[in-house]
Amino acid sequence: MQAKRLLPLLALLLLCACAPSGEPETPPEGLTLAATTYPVYLFAQELTQDIPELTVTLVVNEQLSCMHDYSLSITDMKVLEGADAVLLSGAGLEDSMAHALEAARRPQIDAAQGIELLCSDHDHDHAHQDGDHGEAEATDPHIWLDPRRACQMLDNLAQGLGELAPEHAARLSANASAAQEKIRSRYAQLKAQLFPLALRDLITFHDGFSYFAEAFDLHILRAIEEEAGSEASALEVRDILNLIDTHHLPAVFTEVHGADATAALIAREAQIQTVPLDLLMSRRDSSLSGVELYLHVLSANVTAIQEAYPSCAVSPNNPTAASPSQDAPAPVSSASKD
């Protein structure tokens, strides 16, 4: 009889245990997005700033100026494996991690989709893409250094993320538009800041500044891709010194995390200065984030060039000094990436 009395009580306890509570058993899961490069991380951070369901992580946290020969660490691989999708800078920048990306088997969003690329030529003006050389030339993947192309990257990322998370597509598109407006406004100001320069020729000790030069009406006389242990030859040093003398250059430009032994040697010989420019390839401690940090670095590069040429002024004999345009950057037409 006692056992019979316990049966209804046990049944009641089981029903209470199985009954749904007022809270869901597990919170709704969001998406983790792995950005391969720091610029893409900043742009994705801007796009998702008010969407808590989308979390952006950075794959490569090393201080570097070039990813051509970069090998992913175990930590980097874990970031890829823990992501729901991978955001690529594209344009060949991630070629060194192609096998790892394939092994990760995650959806990929290419920020460089449809963006016109410039040739990466160490010895000549990067803005030429005539195809005269008989063989296919490598392209420069540092597209974000042109604010107009940065706006296209934001469009590509917003569209890809909107397809991945359609419930957030409208917010992603609105965030992209707001970010593009910030970039366009600052771009016009920065072009005006460099407009008075009569001297617009640069020698850079990295081959990643072609888009920056094109965007700001600058001309790269020579780009030297230098790595530690493979400095320029004596003949190359002599040629560079001749260029400095011929064009009356007051400075040569390095990359903040790049090798600069040859640049320092040339600066001593020519009695000029070396000035670092930033490719924005590496994470940094900053109170800024997203597009604000991107524009801060872009502004620092413009100011560095302006201060390196303090004696320059507007000259009627300077045909390369285009007037600063207040127009919004036009979309860049698509071109083959081969």
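Residues numbered from 1 in each chain as written. Predicted model: local features only at pLDDT ≥ 70, side-chain atom pairs only at ≥ 80, totals over all residues. Heavy atoms only, no water.

A. Structural detail: the nonpolar core. One finds Trp144, Ile203, Phe216, Tyr294 and Ile305 to be the most contacted residues of the largest nonpolar core, which totals 101 residues. Here the element with the most residues in this core is helix H10 (residues 290-308); it accounts for 10 residues. (Core = buried A, V, L, I, M, F, W, Y, C linked by side-chain atoms within 4.5 Å. Buried < 20%, exposed > 50% of the residue type's maximum accessible area, 1.4 Å probe, protein only. Helix = DSSP H or I, 4+ residues; strand = E, 2+ residues; numbered from the N terminus.)

B. Main features of the packing of aromatic side chains. Applying the stated rule across the entire model yields five aromatic pairs. A ring pair is formed by Tyr187 and Phe216, whose centres lie 5.5 Å apart and whose planes are at 85°; its orientation type is edge-to-face. Here Tyr187 is found in helix H6 (residues 169-194), whereas its partner Phe216 is found in the loop between helix H7 (210-215) and strand E8 (219-223), with 29 residues between them in sequence. The same class applies to Tyr187 as to Phe216, namely buried. Ring plane angle 45° and centroid distance 4.9 Å describe the contact between Phe212 and Phe216, whose orientation is recorded as tilted. Three or more aromatic residues link up through ring pairs in this structure, and these residues are Tyr187, Phe212 and Phe216. It is Arg283 that lies over the ring of Tyr41; its NZ or CZ is 5.1 Å from the centre. (Phe/Tyr/Trp six-rings, centres within 6.5 Å; stacked < 30°, edge-to-face > 60°. Lys NZ or Arg CZ within 6 Å of the ring centre and 35° of its normal.)

C. Quick peek at the pairing of strand E3 (residues 85-88). Because side chains alternate across E3, one face comprises the buried residues Ala85 and Leu87, and the other comprises Val86 and Leu88, equally buried. Where strand E1 (residues 31-35) meets E3, three bridges bridge the pair, whose relative direction is parallel. Pairing of Ala34 across the sheet is with Val86, part of E3. Handedness of the E3-helix H4 (residues 98-104)-strand E4 (residues 108-110) crossover: right-handed. (Pairing = 2+ DSSP bridges. Right-handed = clockwise from strand over helix to strand, strands pointing away.)

D. Expanded view of unusual backbone geometry. One non-glycine residue with positive phi stands out, namely Asp217, at about 55°. Here Asp217 lies in the loop between H7 and E8. Positive phi is not limited to glycine here, since Leu280 has a value of about 65°. Examined against the element boundaries, Leu280 turns out to sit in the loop between strand E10 (273-277) and H10.

E. Local environment of the side chain of Asn175. When you line up the elements, Asn175 lands in helix H6. Residue classification places Asn175 among the buried residues on the basis of a relative accessible area of 6%. Among all residues touching Asn175, those that are not within four sequence positions of it are Glu46, Leu47, Thr48, Gln49 and Asp50. (Contact = heavy atoms within 4.5 Å.)

F. The sheet that holds E4, seen in detail. What the four strands build is an open sheet, ordered E2-E1-E3-E4; its pairing is parallel. On the outer flanks of this sheet lie strand E2 (54-58) and E4, each paired with one strand and no other. Going across the sheet, the axis of each strand differs from the next one's by a mean of 25°, ignoring polarity. The pairing of E1 with E2 spans five bridges and is classified as parallel. By the bridge assignment, Ala34 is partnered in E2 with Thr57. Sitting on the sheet, helix H5 (residues 147-164) is in contact with E1, E3 and E4, with an inclination near 155° to E4. (Axes fitted to C-alpha atoms, helices over the stretch in contact; angles between N-to-C directions.)

G. Up close: the environment of Gln189. As for its position among the elements, Gln189 is in helix H6. Residues Gln189 and Ser299 lie 110 residues apart in sequence; the distance between their C-alpha atoms is 9.5 Å.

H. Representation of the pairing of strand E9 (residues 251-255) in the model. A large share of E9 lies buried, amounting to five of its five residues. In terms of strand pairing, E9 meets E10 through five bridges, oriented parallel. Considered in E10, the bridge of Glu255 is made with Leu277.

I. The packing of helix H8 (residues 234-247) against helix H9 (residues 261-270), seen in detail. The contact between H8 and H9 brings their axes to 10 Å, and the two run at 50°. Accordingly, the angle class assigned to the pair H8 and H9 is oblique. The chirality of how H8 crosses H9 is right-handed. For the pair H8 and H9, the contacting residues are Val237, Ile240, Leu241 and Ile244 in the first and Thr262, Ile266, Glu269 and Ala270 in the second. (Parallel < 35°, antiparallel > 145°, perpendicular 65-115°, else oblique. Left-handed = near helix turned anticlockwise from the far one by under 90°.)

Fair warning: the whole summary comes from geometry, so function is off the table for now.
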